[in-house]
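What the coordinates show
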Amino acid sequence: MADLPSQWTHEPHHILQFRAGDKIADIDTDSSPGYTGDKDGSAEVQAERNERFAGLQEMLYANGKAGDSRSLLLVLQGMDTAGKGSIVKHVVGAGNPQGIQYTSFGVPTEEERAHHYLWRIRKALPAAGHIGVFDRSHYEDVLVVRVHELVPREVWEPRYDEINAFEEELVDSGTIVVKCAMFVSLDEQKRRLAERLDRPDRYWKYNPGDLDERKLWPAYQEAYQAVLDRTSTDHAPWFVIPCDKKWYTRLAINELLIEALKSMKLAWPPPGFDVEAEKKKLAQS
Ligand code: ADP
């Protein structure tokens, strides 16, 4: 707990981790598990934690440059308006863009459809020393695909096991996988969509198709439950993030990233040259 802000009663990775038997229906999306503070004061904590994240992220990048092959993958999954974009902007955005690889996964292109569904995912995996951010992911292939019956059950059903094997291989090769399932309530989603329709600077975020997805909420809940039940593994567990409070969502995911980076036990890489000799040479130059 050493460098965790005092407002946290428990380490976020512990309190937010999905556990066998947990039910999505029981999630209080308006809660802020493990955090005793409220919105007032959260910006200050956030600013400090952004810096902490940025420092660790730069260290990961520096190590990558020095030959360390490890990396981190942040998977953001959630219904529209859950706040995926806000995490990218306000949490990951605090880092050094040189070491961030952001990818959003939309409806597959013709080329992508001609390949296995993991083809586009593998291409976007983070390089050594990088943090990869997946805004939606391979989980769409067992979420939207299942809900809309885009392929028959015999095709999507084996994907859970295939995804587990894929992620295990990824972790074994040195990538820490942080999977965040972001849950917003139906009412809060309505408020956020209404705001998009009220603000010209938010129209670009609005998609009329989002309303059709709202009608399928129960089917999505069922599909998300199956994802959590079947793909929360020891090597790549899911974290369940309540998302009605934007400030909490940011603090929680920021902290999960810090915890993951700290678990890598990073240090600044030693110089690949003689520092004193270089200083002398520089002085004489
Ligand atoms: P966002 O809605 O996240 O801002 P986009 O406008 O690009 O981003 O929309 C992404 C859409 O693509 C979502 O409706 C999502 O369900 C869909 N999508 C993503 N992956 C797949 C997939 N494998 N098959 C079908 N649809 C997908």
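Residues numbered from 1 in each chain as written. Predicted model: local features only at pLDDT ≥ 70, side-chain atom pairs only at ≥ 80, totals over all residues. Heavy atoms only, no water.

In the nomenclature of an unreviewed UniProt entry, the chain corresponds to Polyphosphate kinase 2 family protein from the organism Candidatus Mycolicibacterium alkanivorans.

As a further point, take the site of the ligand. Near the ligand, the surroundings consist of Asp-80, Phe-105, Gly-106, Val-107, Pro-108, Arg-120, Arg-136, Glu-140, Asp-141, Val-144, Val-145 and Leu-150. One of the side-chain nitrogen or oxygen atoms of Arg-120 is found 3.1 Å away from a nitrogen atom of the ligand. Interatomic distance of 2.8 Å between a side-chain N/O atom of Arg-136 and an oxygen atom of the ligand. A total of 570 Å² of accessible area belongs to the ligand in isolation, and the protein chains cover 67% of it. Taken together, the residues that form the shell around the ligand break down as six nonpolar, one polar and five charged. (Near = heavy atom within 4 Å. Polar contact = N/O pair within 3.5 Å; in protein donor to acceptor, adjacent residues only side chain to side chain. Areas by Shrake-Rupley, 256 points an atom, 1.4 Å probe, with all protein chains shown as cover. Nonpolar A, V, L, I, M, F, W, Y, C, P; charged D, E, K, R; others polar.)

We now examine the packing of aromatic side chains. All told, the structure shown has eight aromatic pairs when counted by the stated rule. Measuring from ring centre to ring centre gives 4.9 Å for Phe-105 and Phe-134, while their planes differ by 80°; the resulting arrangement is edge-to-face. Within this pair, whereas Phe-105 is found in the loop between strand 2 (100–104) and helix 4 (110–113), its partner Phe-134 is found in strand 3 (residues 131–135), the two being separated by 29 residues in sequence. We classify Phe-134 as buried; its relative accessible area is 0%. The ring of Tyr-117 is capped by Arg-159, whose NZ or CZ atom sits 4.4 Å from the centre of that ring. (Phe/Tyr/Trp six-rings, centres within 6.5 Å; stacked < 30°, edge-to-face > 60°. Helix = DSSP H or I, 4+ residues; strand = E, 2+ residues; numbered from the N terminus. Buried < 20%, exposed > 50% of the residue type's maximum accessible area, 1.4 Å probe, protein only. Lys NZ or Arg CZ within 6 Å of the ring centre and 35° of its normal.)

Moving on: the nonpolar core. Core analysis: the largest hydrophobic core is formed by 71 residues, its most contacted members being Leu-74, Cys-180, Met-182 and Ile-241. Among the elements of the structure, helix 2 (42–65), strand 1 (71–78), strand 3, helix 8 (159–172), strand 4 (175–183), helix 11 (217–231), strand 5 (238–242) and helix 12 (246–263) are those that each provide at least two residues to this core. Setting aside its immediate chain neighbours within four residues, Met-182 contacts Leu-76, Gln-77, Gly-78, Met-79, Ala-82, Gly-83, Lys-84, Ile-87, Ile-241, Cys-243, Thr-249 and Ile-253. (Core = buried A, V, L, I, M, F, W, Y, C linked by side-chain atoms within 4.5 Å. Contact = heavy atoms within 4.5 Å.)

Under the local residue numbering, the UniProt record ascribes the feature "domain: Polyphosphate kinase-2-related" (unreviewed entry) to residues 43–265. Summarising residues 43–265: 51% helix, 14% strand, and an end-to-end C-alpha distance of 27 Å. (UniProt positions renumbered as here; feature names shortened; annotations may be inferred.)

It is worth spelling out helix 13 (residues 275–284) at this point. Taking burial as the measure, the ten residues of helix 13 include zero buried ones, a minor fraction of the element. For helix 13, the N-terminal cap is Asp-274; the gap from its side-chain oxygen to the backbone nitrogen of Glu-276 is 3.1 Å.

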